[in-house]
Amino acid sequence: MHGPEDEGVVPRQAVRTGEQPPPRPYGGKAMLRLLELLESQGLTTLARATAAAAATEEVQPEAVAHARTVGVLSAATPARRRPARKRTAAADQEQTAADDIGDAGDVGTAEALAATYAAVALDRTGPPTATGPQWRSAGPWTVTNGQTYGSSRVNVSGRVSALAVDPGNPAHVLAGAANGGVWESWDRGGSWTPRTDFASTLTVGALAYDPVRPGNVYCGLGEGDWWSFLGNGVLRSSDGGASWTPACTAPFVGQGFYALRVDQGNGSRLLAGTTGGLYVSTDAGATWAQRRAVATFAITPGTGEWLASSTDGLFRSTDSGSTWNAVPLPGGPGSFVRLAVSAAPSNPAVAYAFGTGAPWIPQPDGSQLPTGYLWRRAGGTWTAQGLPPGLATGQSWYDWYVAAAPDRDTQVFCGSIEVHRGDLSGATWTWQTISNHGSTGQSIHPDQHSIAFEPGSPDTIYAGSDGGLFRSPDRGTTWVSCNNGLTISEFEYLAQDWGSARWLIGGTQDNGTNRWTGSPTWEHVEDADGGDVVVNRQNPAVVVHSRQWGALFRSTSRGDWGTWANVTPARPAGEGLGLFYPPLEGSATSGDTVALAMQSLYVSRDNATTWTRLAFPAAGVGTAVAVPDPDTVLVGLRDGGVLRTRFGAGSWSALAALTTPRAGAPISDLAAEPGGAGRIWATSTARGGGRVFRSDDGGARWADRTAGLPPLPMNALSVDDGNPNRVWVAADLGVYQSWDAGGSWADFSPSLPNAFIGDLVFQPHARVLRAGTRNRGVWEIPVDGWMTQPACGTQWTGSLAANAAGRWFTFGWPATWHMVWTAVPTSPAPGAPQLSFRTQVERADAEHVTYWVTVRNLTAAPITFEGRYCILSRY
């Protein structure tokens, strides 16, 4: 999803006047995000293979050059080139083996990584524990004002990669979130319950009911569209989706699912299409046999046949999936980027195939996009059909499907960026873009991943997209959001108001920047892809947030919708963009300093009004920033380096390199004491070595503090403001706590789902730690436990003359605390009131309040009294 002003890679305001935005690479933003994540974790072979599949050098030289610049492709290793001959399984395996030779930087395969995740997940204290603080969801229960490509706004959640409707109960729906697990609804998506929060992985690629015995349901772990490398087998439910147990792991560890089917004539026979091939099980998913060794995207049943679509074309089986024969598609390419297939349930002799591939079409910005194809089978013959007008093929690797209507063999739904419905009359197609009705009707979020139909009601369709789930009762004319209670938002970064326990703002994948003010419902306050966010600590009305590629916008109204102005620093001609979500930070103490790290550091001392550019000492890409005070900025780099600058005598010093914690290990987060000359913390996502480091001398020397942590990437850290030796780190799975400055670590994840943790923020006054996840929303935990009884005490002792009044004040109390004050005489005098009091509150600064207590002596004698308080809650 990108806004109307974001057709290029960056908003036009983000580049120098006269400079053209870089070409939008094939594969889109989703591809670059995936490449950056894989490379940051050391999966260079997988990143290279992914780039080769979607951004080959012949077709996308600019995209490959950008990938090399930001580090997602090694400059020393050429991108794979698309073979001129037809792709075969043997050729792909040969090329993969060649890629692996000499790739010393790759510290593991997708299979090894997925196995590690599963082991860590099973060893964590994720499920609720009997004692101690517990994590709880902070939403979003739903996000209002979500974006579409039409004029309407909708409630949204996060990416829905799989759908299944109970064939025995049309109100019973299952939804699979990209990395948010399986969710169950009994009211057609009106409300939801998570069902697999503590499975070995929350990545979901496919769901399938047994059409005859719908109590049996299967879930393919690993999202083929994005999170394929975390796949870990198949789950099985025997109660319709309420509870799940593993059916198998092998052979799917490290693979993502695109399709999963249960044979209507034999409920023990299952067919699966994954990133690793086409598989068949004859024992209800316990064991599997690989029938084809190429990525398989869709599987559809017919009459006495199965059809399957793969990278090397369309195939047909007439022996329940044991053997497969190629089906020629007239005019089709030798290999496909993506190919979907669907037989018409009302007439299986009719089927549709929908794909993309060569030839590659040059675009005005210099990029090239694959050609789209649509075929229809009727009377045993496949014929090419006209495409939907406005069809977008650039992200076909990521969002693509085809589905024939259940009751009409002349109606088909094609999903890409939008959902297109085609109706055939004679030889003429009529197409409607049903997900985007422009200014005249209801639209839904774009980027389509899944579709399902309600049994017995073919007019009712469900569409799963990057923005969640939507239901139409009339084949796409009108829509209802099904995102209430579907807590699957994918948060990239979080920021907070230090003076409020119930105020957060965060950037989300494809769903903009969203704000929480205490309600389970969050509000979408800015469009495009939401990245990092800064809230001014002394003036929380000032909020700066980033869109993709460092486009910055500022609000001076606490982030209210419609109050954002572009404040993007201008880059000099020839300077690259940096990461898709470049790191952005503001001063952690005082002042108006804001820093953005791309391929240079950009620093502002006036809340992003004016900027100073500081060049890196050598070419590099910023991956983390810390601003411990208004005069100090530290930058972490893609190559593992750490830089520092200080402000003095009216200017910023040149960036100076500190000692590198671990060469070649991207810095994922930094935290530092004011001045940057004392303690510094650094984390890294690169596996196979240290991932948490501490320096006590401003970066001159580093100590590896990784021992005791799981072998996973470390994405973020937070330090207790009241105890610098108490530290939390966020891994891909779980949060871990140290009480001794990293000397030892313990799992700190009770009740926290097995979700990918991307960011942490600590509310020091409320004593609450928050975690932004992908895709399970935001979670929070009271690090010392919730208060179970008030904390009371005496603040002062005062005296008053007869019938006199006086006023006292007490200051420095956190504004997040809920308190009561009273005045109590120290000497008994029964029979009548001795004094009265009144409490008034002054907001002393953004984080603290001053209480003014006026006390009046109601007696004719001097009186002594105590000024007492009770803290009812810190939250």
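Residues numbered from 1 in each chain as written. Predicted model: local features only at pLDDT ≥ 70, side-chain atom pairs only at ≥ 80, totals over all residues. Heavy atoms only, no water.

Thoughts on the overall build of the protein
Then, number 1: Summing up its helical and strand segments, the protein has five helices and 65 strands in all.
Then, number 2: Taken over the C-alpha trace, the protein has a radius of gyration of 29 Å; the compact-globule value for 875 residues is 29 Å, and the two agree within 12%.
Then, number 3: Seen through its principal axes, the protein has C-alpha atoms that stretch 105 × 65 × 50 Å.
Then, number 4: The burial tally for the protein puts 61% of its 875 residues in the buried class.
Then, number 5: Taking all contacts inside the protein whose residues are at least 6 apart in sequence as the whole, residues at least 24 apart take part in 56%.
Then, number 6: Split by element, the accessible area of the protein, about 29,800 Å² in all, is 52% carbon and sulfur.
Then, number 7: The protein carries 63 positive and 75 negative side-chain charges, and their two centres are separated by 1 Å. (Helix = DSSP H or I, 4+ residues; strand = E, 2+ residues; numbered from the N terminus. Rg over C-alpha atoms; globule rule 2.2 N^0.38 Å. Buried < 20%, exposed > 50% of the residue type's maximum accessible area, 1.4 Å probe, protein only. Contact = heavy atoms within 4.5 Å. Areas by Shrake-Rupley, 256 points an atom, 1.4 Å probe, with all protein chains shown as cover. Lys, Arg positive; Asp, Glu negative; His and termini not counted. Charge placed at Lys NZ, Arg CZ, Asp CG, Glu CD.)

Some points on the packing of aromatic side chains
By convention here, two paired aromatic rings are described through the distance between centres and the angle between planes.
Then, number 1: Under the definition given, this model contains 32 aromatic pairs.
Then, number 2: A centroid spacing of 4.0 Å and a plane angle of 10° characterise the contact between F354 and W400, whose relative ring orientation is stacked. One end of the pair, F354, is in strand β21 (residues 347-362); the other, W400, is in the loop between β23 (381-384) and β24 (401-404), and 46 residues separate them in sequence. Each member of the pair F354 and W400 is classed as buried.
Then, number 3: Taken together, the ring pairs connect W796, W808, W813, W817, W821, Y851, F865 and Y869 into an aromatic cluster.
Then, number 4: Looking at R136, its charged tip hangs above the ring of Y875, at a distance of 5.3 Å from the centre. (Phe/Tyr/Trp six-rings, centres within 6.5 Å; stacked < 30°, edge-to-face > 60°. Lys NZ or Arg CZ within 6 Å of the ring centre and 35° of its normal.)

Structural notes on the state of the cysteines
Then, number 1: By the definition in use, this model includes one disulfide.
Then, number 2: Across a sulfur-sulfur distance of 1.8 Å, C792 and C870 are joined as a disulfide pair. Judged by the torsion about the S-S bond (95°), the C792/C870 disulfide is right-handed. In this pair, C792 is assigned in strand β60 (residues 791-800) and C870 in strand β65 (residues 863-873), connecting sequence segments 78 residues apart.
Then, number 3: With relative accessibility at 48%, the residue C792 sits in the partly exposed group.
Then, number 4: Judged by relative accessible area, C870 falls into the buried class, the value being 18%. (Disulfide = S-S within 2.5 Å.)

Brief notes about the side chain of S228
Then, number 1: Note that S228 resides in the loop between β9 (217-221) and β10 (232-237).
Then, number 2: For S228, a relative accessible area of 17% puts it in the buried group.

Some thoughts on the confidence of the model for the protein
Then, number 1: When pLDDT is averaged across the protein, the result is 91; 90% of the residues are at 70 or more.
Then, number 2: For residues 2-23, every residue scores under 50 in pLDDT, and the model assigns this stretch 44 contacts once sequence neighbours within four places are set aside.
Then, number 3: Contacts from residues 55-107, a stretch scored under 50 in pLDDT, to residues over four places away or in other chains number 94 contacts. (pLDDT = per-residue confidence, 0-100.)

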